[in-house]
Amino acid sequence: MIWIPITLLGVYLAGCFLSARGFIWLRRHYSVTPDWLQEVPVPSSGGPNPTWITPNFYGGAKVIVVCAHGYKGNRDTWTELIAELVPFGVASVVPCMPGQDHSPEPQVGFGLKESEMLLEVVAWVRGQFETPPPIVLMGLSMGGSAVWMAAVGDPSIAGVISQDAFSHFGQAMDGFFERKIPGGRHIFAPVMWMAAWMSGLSPHDVQPILAAEKWKGRPALVIQGEADSMFGTTHAYRLAEASGADLWMVPGADHAESFRVAPLEYVERVSKFLRQIVGEPILKS
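Residues numbered from 1 in each chain as written. Predicted model: local features only at pLDDT ≥ 70, side-chain atom pairs only at ≥ 80, totals over all residues. Heavy atoms only, no water.

1. Side note on the overall build of the protein
Assigned secondary structure in the protein consists of 11 helices and 8 strands. In summary, the protein has a C-alpha radius of gyration of 19 Å against a globular reference of 19 Å for 285 residues, a match within 12%. Each principal axis of the C-alpha distribution contributes one length, and for the protein these read about 75 × 35 × 30 Å. With 285 residues in all, the protein has 54% of them scored as buried. As presented, the protein carries roughly 12800 Å² of accessible surface, and 58% of it is formed by carbon and sulfur atoms. Looking at charge distribution, the protein has the averaged site of its 20 positive side-chain charges lying 2 Å from that of its 26 negative ones. (Helix = DSSP H or I, 4+ residues; strand = E, 2+ residues; numbered from the N terminus. Rg over C-alpha atoms; globule rule 2.2 N^0.38 Å. Buried < 20%, exposed > 50% of the residue type's maximum accessible area, 1.4 Å probe, protein only. Areas by Shrake-Rupley, 256 points an atom, 1.4 Å probe, with all protein chains shown as cover. Lys, Arg positive; Asp, Glu negative; His and termini not counted. Charge placed at Lys NZ, Arg CZ, Asp CG, Glu CD.)

2. Thoughts on the packing of helix H8 (residues 208-215) against helix H9 (residues 234-243)
Put simply, H8 and H9 touch, their axes get as near as 7 Å, and they point 30 degrees apart. As summarised for this structure, H8 and H9 are arranged roughly parallel, according to the angle between their axes. Residues Pro 208, Ile 209, Ala 212, Glu 213 and Trp 215 of H8 pack against Arg 238, Leu 239, Ala 242 and Ser 243 of H9. Residues that form the contact of H8 with H9 fall into these classes: 6 nonpolar, 1 polar and 2 charged. (Axes fitted to C-alpha atoms, helices over the stretch in contact; angles between N-to-C directions. Parallel < 35°, antiparallel > 145°, perpendicular 65-115°, else oblique. Contact = heavy atoms within 4.5 Å. Nonpolar A, V, L, I, M, F, W, Y, C, P; charged D, E, K, R; others polar.)

3. Observations concerning helix H3 (residues 112-127)
With 16 residues, H3 extends 23 Å between its outermost C-alpha atoms, agreeing within 8% with the 22 Å of an ideal straight helix rising 1.5 Å per residue. Residues of H3 that are buried: Glu 114, Ser 115, Met 117, Leu 118, Val 121, Val 122, Trp 124 and Val 125. (Expected span 1.5 Å × (residues − 1).)

4. As for the environment of Ile 209
For Ile 209, the position within the fold is in helix H8. Take Ile 209: its relative accessible area is 15%, and that puts it in the buried class.

5. Quick word on unusual backbone geometry
The backbone phi angle of Phe 110 is positive, close to 60 degrees, even though this residue is not glycine. By relative accessible area, Phe 110 is classed as buried at 1%. The phi angle at Ser 141 is positive, at roughly 55 degrees, despite the residue not being glycine. Counting through the fold element by element, Ser 141 comes out in the loop between strand E5 (135-140) and helix H4 (142-151). By relative accessible area, Ser 141 is classed as buried at 7%.

6. Focus on the pairing of strand E6 (residues 157-163)
Here E6 lies mainly inside the structure; 7 of its 7 residues are buried. Here E5 pairs with E6 via 6 bridges, running parallel. Looking across to E6, one finds that Ile 135 is bridged to Ile 157. Summarising the sheet, E6 and strand E7 (residues 220-225) pair through 4 bridges and their orientation is parallel. Considered in E7, the bridge of Val 160 is made with Ala 220. (Pairing = 2+ DSSP bridges.)

7. Quick look at the pairing of strand E8 (residues 246-250)
With 5 bridges connecting them, E7 and E8 associate as parallel partners. Residue pairing for E8: Leu 221 is matched across the bridge by Asp 246. What joins E7 to E8 is H9, and the crossover it makes is right-handed. (Right-handed = clockwise from strand over helix to strand, strands pointing away.)

8. Thoughts on the sheet that holds strand E4 (residues 90-94)
Spatial ordering of the open sheet is given by E1-E2-E4-E3-E5-E6-E7-E8, a layout of 8 strands whose pairing is mixed. On the outer flanks of this sheet lie strand E1 (38-42) and E8, each paired with one strand and no other. Averaged over all pairs of adjacent strands, the angle between their axes in this sheet comes to 20 degrees, without regard to strand direction.

9. Points about the packing of aromatic side chains
In this description, an aromatic ring pair is defined by two values, namely the gap between the centres and the angle between the planes. Summed over the entire model, instances satisfying the criterion amount to 9 aromatic pairs. Here the aromatic residues Phe 57, Tyr 58, Trp 124 and Phe 129 are joined through ring pairs into a cluster of three or more. Positioned above the aromatic ring of Trp 215, the side-chain terminus of Arg 218 is 4.0 Å from the ring centre. (Phe/Tyr/Trp six-rings, centres within 6.5 Å; stacked < 30°, edge-to-face > 60°. Lys NZ or Arg CZ within 6 Å of the ring centre and 35° of its normal.)

What follows is the structure, given as structure tokens:
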């Protein structure tokens, strides 16, 4: 009889191991570059990162937005929005996040590796101009958390826009597991321990809230789906309060759905935020 609990424990730990491995090494969802966008290889520590730039990147854009997609996402996340922003004189740069899409990096990084990669992209953008336009970081979900951590690492960054981001990764995952199963944060704790061991990164070391506190008083916009079933709304309130950012709660929007739910208002709010950074009218041509 003793072999029954031993076998069950072994099955449980094996399941946790496979889940942790799948959490770090994702099944990728590859994007295809639309005809109207250009793909350029941006140097990064992991190798050339296939990055989209809009046609107005070298054409006198008033502001450049670097876009970070979320976990299990790809560059397609931003296609519709960046097309809407082009007539406002906004150029966009869309890299692949580590371990996803066509990124040369094999693993995701809980937001830490993503923030480091974003700083490399920003450095590349600056290097393309004698006098670069203002550079703003915009991110969704894990990408939204990464932009906070990247922003405080480069004083040239002019603004931050985050959507449905977590303020503390460990707390976000605890909450996510609890919503799945009562006591889930304890049941699935070995998954996070194993993922931390595999990646060399501890979830509890990923705290965008600390970056938001350092950013306080500088331009920031927090967008949050009011019906977010993944992280809830608490993280958005924390980030907005810590940074002094404007907060837009989108009624009826689940996680990563705000643009789909309210596309016109989304474009209006983002373009207004960028207009304030530029300090001059950004009018749709």
